[in-house]
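Chain residues, written in single-letter form:
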Amino acid sequence: MAKQAKAAAGRRDPYRNFRFRVEIDGLVAAGFSEVSIGETVTDVIDYREGNEPTHVRKLPGLQKFGNITLKRGMTASMDLYDWHKQIMDGDIGAARRNVAVTVLDQSGADAARFVIQDAWPVKYQPGDLNAKGNEVLIELLELANEGIERVQ
């Protein structure tokens, strides 16, 4: 019994994917039902000088950050659409915002945090309508960005 308690005390279970919080420019945004954090990729550059062995060296190239997708139940709030409309109206400078996604542990405390820099909407989708359906209308906002970093 004591061995089980000791093993459980040192064990680190993975975080659950259903407890998270989204902040846009420091303000806690309305709840989102789903968040997809894009991948980060570093391109590889093959390089070889003429006097080197007959294999190439691998050098790091450009870094690329995948888009972020936010989904939530549609409400009377126009905030996501209005943010996307800023881009459609050509106001990209004012539309760039920092976004943070915080994963919560079982007790509700912050466990992991991703910071997305200079995000702006590239896609807004109000969702599908179905007169025979029984689901919540989900709106989607996809964000381009210039950096994704896990800070916690």
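Preceding this section is the structure that the text describes.
Bear in mind that the values here come from a model prediction, so they are computed numbers and not experimental data. (Residues numbered from 1 in each chain as written. Predicted model: local features only at pLDDT ≥ 70, side-chain atom pairs only at ≥ 80, totals over all residues. Heavy atoms only, no water.)

Enquirer: Can you walk me through the overall build of the protein in this structure?
Expert: When you go through the protein residue by residue, the secondary structure sums to three helices and ten strands. Along the protein, helices (α) and strands (β) appear in the sequence α-β-β-β-β-β-β-α-α-β-β-β-β when read from the amino end. Here the C-alpha atoms of the protein give a radius of gyration of 21 Å, more than 25% beyond the 15 Å that 2.2 N^0.38 yields for 152 residues. Of all 152 residues assigned to the protein, the portion counted as buried reaches 25%. (Helix = DSSP H or I, 4+ residues; strand = E, 2+ residues; numbered from the N terminus. Rg over C-alpha atoms; globule rule 2.2 N^0.38 Å. Buried < 20%, exposed > 50% of the residue type's maximum accessible area, 1.4 Å probe, protein only.)

Enquirer: Help me out: how do you make sense of the packing of aromatic side chains in this one?
Expert: Any aromatic ring pair is given by two values, namely how distant the centres are and how the planes are angled relative to each other. Under the defined criterion, the tally for this structure stands at one aromatic pair. Ring plane angle 70 degrees and centroid distance 5.4 Å describe the contact between Y81 and Y124, whose orientation is recorded as edge-to-face. Taken together, the residues Y81 in helix α2 (residues 79-88) and Y124 in strand β8 (residues 110-125) connect sequence positions 43 residues apart. (Phe/Tyr/Trp six-rings, centres within 6.5 Å; stacked < 30°, edge-to-face > 60°.)

Enquirer: What's the story with a nonpolar patch on the surface in this structure? I'm lost.
Expert: The grouping of I45, Y47 and L59 at the surface amounts to a nonpolar patch, some 230 Å² of accessible area in total. In this structure, L59 sits in strand β5 (residues 57-65). Classification of L59 as partly exposed rests on a relative accessible area of 32%. (Patch = residues over 30% accessible without salt bridge, like charges linked within 9 Å, V, L, I, M, F, W, Y side chains within 5 Å. Areas by Shrake-Rupley, 256 points an atom, 1.4 Å probe, with all protein chains shown as cover. Salt bridge = Lys/Arg side-chain N within 4 Å of Asp/Glu carboxyl O.)

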